[in-house]
Amino acid sequence: MGLKCGIVGLPNVGKSTLFNALTSAKALAANYPFATKDPNVGIITVPDSRLDKLAEFVKPQRILPTTVEIVDIAGLIKGASKGEGLGNQFLANIREVDAIVHVVRCFENDNVVHVDGSVNPVRDKEIIDTELLLKDLEAVEKRLEKARKAAKTGEKEALRVVNTVEKIKNHLESEQPARTLALEEDEKDLYNDMMLLTGKPILYVCNVDEDSVLNGNAHTEAFKKAVANENAEIILISADIEAEIAQLESKEERQEFLDEMGLEQPGVNKLIEASYQLLDLITYFTAGEKEVRAWTIHRGTKAPQAAAVIHTDFEKGFIRAEVIKYADYVAHGSENAVKEAGKLGVEGKEYVVTDGDVMHFRFNV
């Protein structure tokens with residue numbers, strides 16, 4: 001399955017610098033609004049030490065990590081919901097992603113102009129929130145008008161739709177994002193069908209200066225307080241540091257740089273890990289002489305559906321899954337050794353795949 005995250009924020013908050021560092025796609029990072037007029041798309045590999053460890057044992061011809069698609073969406077401004085600053089195009093781009101990475105500026109730099117004249121991440125967030133809410137309200141009101149016409153017949157299903165859409169509308173009008181709305185089970189299909197912008201899971205990235213990347217600063221503290229009731233994840237990243245790391249050629253150079261900065265890992269790793277948690281994703285592996293490969297699935301996925309990520313025929317003709325727990329693979333060092341130790345599991349259609357499973361699917365089409 002593909003994972004697509006959209007990077008959003010006001011102009012000049014460091015979105016394109018961060019995108020460049022993540023993808024090395026060299027998007028235009030200019031010191032003026034709308035440097036990114038079309039969404040730049042980059043593919044980044046998901047770092048996973050387990051994949052490297054499995055490759056040490058198997059010694060495959062190739063190693064294939066799973067990937068995340070990152071979309072750099074041009075800076076939104078006040079009035080975007082009404083089409084200001086190419087707003088309609090930008091909002092349409094947001095609708096297509098699985099999750100939103102909202103970058104807010106938490107650094108002072110007189111050489112980088114702020115579109116609103118001063119650095120205030122709380123205000124900046126509220127501007128973006130308002131535009132997304134207004135666009136959602138517009139979509140909900142259209143849906144409600146259509147539903148009310150259908151409900152005039154007295155049909156039960158049409159009346160249910162009206163009630164659900166009114167519930168969503170009232171929540172949005174209270175200036176709360178759709179993702180915080182508690183829904184009944186029978187309301188979720190309609191809600192998901194509406195593809196609301198504020199319904200998308202969100203990760204906040206505070207773009208800080210180098211000195212603030214470990215402990216933050218006054219701007220990040222104010223921002224954390226402002227979003228405390230959202231139960232949202234916040235990570236601190238210095239886009240400038242990430243840009244420097246991206247330019248280093250070897251793994252050793254990157255590690256040395258991280259050590260000097262007092263960082264355990266690059267910000268890109270933190271961002272991907274947080275995105276995975278946000279979308280409740282896990283990774284399973286396949287391991288053979290030709291390749292050792294990582295695959296992304298949603299937590300709770302059963303074996304046949306996990307197999308379909310490789311090929312739909314695997315699900316159609318699913319017979320069984322042979323499963324080795326990652327810890328057992330590492331402890332015994334090879335598939336044969338795992339079998340001899342009696343640690344190879346043979347699972348059927350109801351098996352729920354767990355994070356780190358090393359799997360081999362048997363199928364017949």
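Now for a description of the structure that goes with this document. None of these values were measured; they are calculated from a predicted model.

### Quick word on the packing of helix H4 (residues 121–151) against helix H5 (residues 156–173)
Right, so step 1: Running from N to C, H4 and H5 point in directions that differ by 155°, and their axes come no closer than 9 Å. Considering their axes alone, H4 and H5 lie roughly antiparallel with respect to each other. Pair H4 / H5 crosses with left-handed handedness. Taking contact as the criterion, the partners of Leu133, Asp136, Leu137, Val140, Glu141, Arg143, Leu144, Ala147, Arg148, Ala150 and Ala151 in H4 are, on H5, Ala158, Leu159, Val161, Val162, Val165, Glu166, Ile168, Lys169, Leu172 and Glu173.
Right, so step 2: Grouping the constituent residues of the contact of H4 with H5 by class yields 14 nonpolar, no polar and seven charged.

### Quick word on the pattern of salt bridges
Right, so step 1: Counted according to the given criterion, the structure contains 26 salt bridges.
Right, so step 2: For Glu138, the salt bridge identified is with Lys135, shortest N-O distance 3.5 Å. Taken as a pair, Glu138 and Lys135 lie in helix H4 at a separation of three residues, close to a single helical turn.
Right, so step 3: Using a relative accessible area of 14% as the deciding quantity, one classes Lys135 as buried.
Right, so step 4: One salt bridge in this structure joins Lys339 and Glu335, with 3.5 Å as the shortest N-O distance. Here Lys339 pairs with Glu335, and both are found in helix H14 (residues 335–340), just four residues apart, close to one helical turn.
Right, so step 5: Using a relative accessible area of 40% as the deciding quantity, one classes Lys339 as partly exposed.
Right, so step 6: Through salt bridges that share partners, Lys125, Asp129, Arg179 and Glu230 make up one connected network.

### Description of the sheet that holds strand S4 (residues 67–72)
Right, so step 1: Taken in spatial order, the six strands line up as S2-S4-S1-S5-S6-S7 in an open sheet, and their pairing is mixed. For this open sheet the edge positions go to strand S2 (40–45) and strand S7 (233–237), each flanked by a neighbour on one side alone. Neighbouring strand axes in the sheet, compared pairwise and without regard to direction, differ in orientation by 25° on average.
Right, so step 2: Relative to S4, strand S1 (residues 4–8) runs parallel, the two being bridged by four bridges. In the sheet register, Lys4 faces S4, and the bridge partner there is Glu69.
Right, so step 3: Across the sheet, helix H1 (residues 15–23) is in contact with S1, S2, S4, strand S5 (99–105), strand S6 (202–207) and S7; its angle to S2 comes to roughly 40°.
Right, so step 4: Contacts from H4 reach S5 and S6 within the one sheet, and its direction differs from that of S5 by about 145°.

### Some points on helix H7 (residues 218–226)
Right, so step 1: Within H7, the full set of buried residues consists of His219, Thr220 and Phe223. Down the axis of H7, the smallest arc covering the buried residues is 95°, so these residues share one side. Along H7, the residues that are exposed and aim more than 90 degrees away from the buried face are Ala218 and Lys225.
Right, so step 2: Tucked into the core, H7 has its buried residues touching S5, H4, S6 and S7.

### Concerning the nonpolar core
The nonpolar side chains of soluble globular proteins are, as a tendency, buried together.
Right, so step 1: Counting residues in hydrophobic clusters, the biggest one holds 53 residues, and the most contacted among them are Leu18, Val68, Ile94, Val101, Val205 and Leu271.
Right, so step 2: Sequence-distant contacts of Val101, defined by excluding residues within four places in its chain, comprise Cys5, Gly6, Ile7, Val8, Leu203, Val205 and Leu271.
Right, so step 3: Ranked by size, the runner-up nonpolar core spans 19 residues in total, among them Ala158, Ile168, Leu172 and Leu190.

### Re the environment of Ala147
Right, so step 1: Its location among the elements puts Ala147 in helix H4.
Right, so step 2: Other than its neighbours up to four places away in sequence, Ala147 contacts Ala158, Val161 and Val162.

### Describing the packing of helix H8 (residues 239–247) against helix H9 (residues 251–261)
Right, so step 1: Across the interface, H8 lies against H9 with an axial gap of 9 Å and an inter-helix angle of 150°. Considered as vectors, H8 and H9 are oriented roughly antiparallel to each other. Both H8 and H9 take part in a crossing whose hand is right-handed. On H9, the residues touching Ile241, Glu244 and Ile245 of H8 are Arg254, Phe257, Leu258 and Met261.

What counts, and where the lines are drawn
- Residues numbered from 1 in each chain as written.
- Predicted model: local features only at pLDDT ≥ 70, side-chain atom pairs only at ≥ 80, totals over all residues.
- Heavy atoms only, no water.
- Axes fitted to C-alpha atoms, helices over the stretch in contact; angles between N-to-C directions.
- Helix = DSSP H or I, 4+ residues; strand = E, 2+ residues; numbered from the N terminus.
- Parallel < 35°, antiparallel > 145°, perpendicular 65-115°, else oblique.
- Left-handed = near helix turned anticlockwise from the far one by under 90°.
- Contact = heavy atoms within 4.5 Å.
- Nonpolar A, V, L, I, M, F, W, Y, C, P; charged D, E, K, R; others polar.
- Salt bridge = Lys/Arg side-chain N within 4 Å of Asp/Glu carboxyl O.
- Buried < 20%, exposed > 50% of the residue type's maximum accessible area, 1.4 Å probe, protein only.
- Pairing = 2+ DSSP bridges.
- Arc of directions from axis to C-beta.
- Core = buried A, V, L, I, M, F, W, Y, C linked by side-chain atoms within 4.5 Å.

Read these as layout, nothing more, since geometry by itself doesn't imply function.
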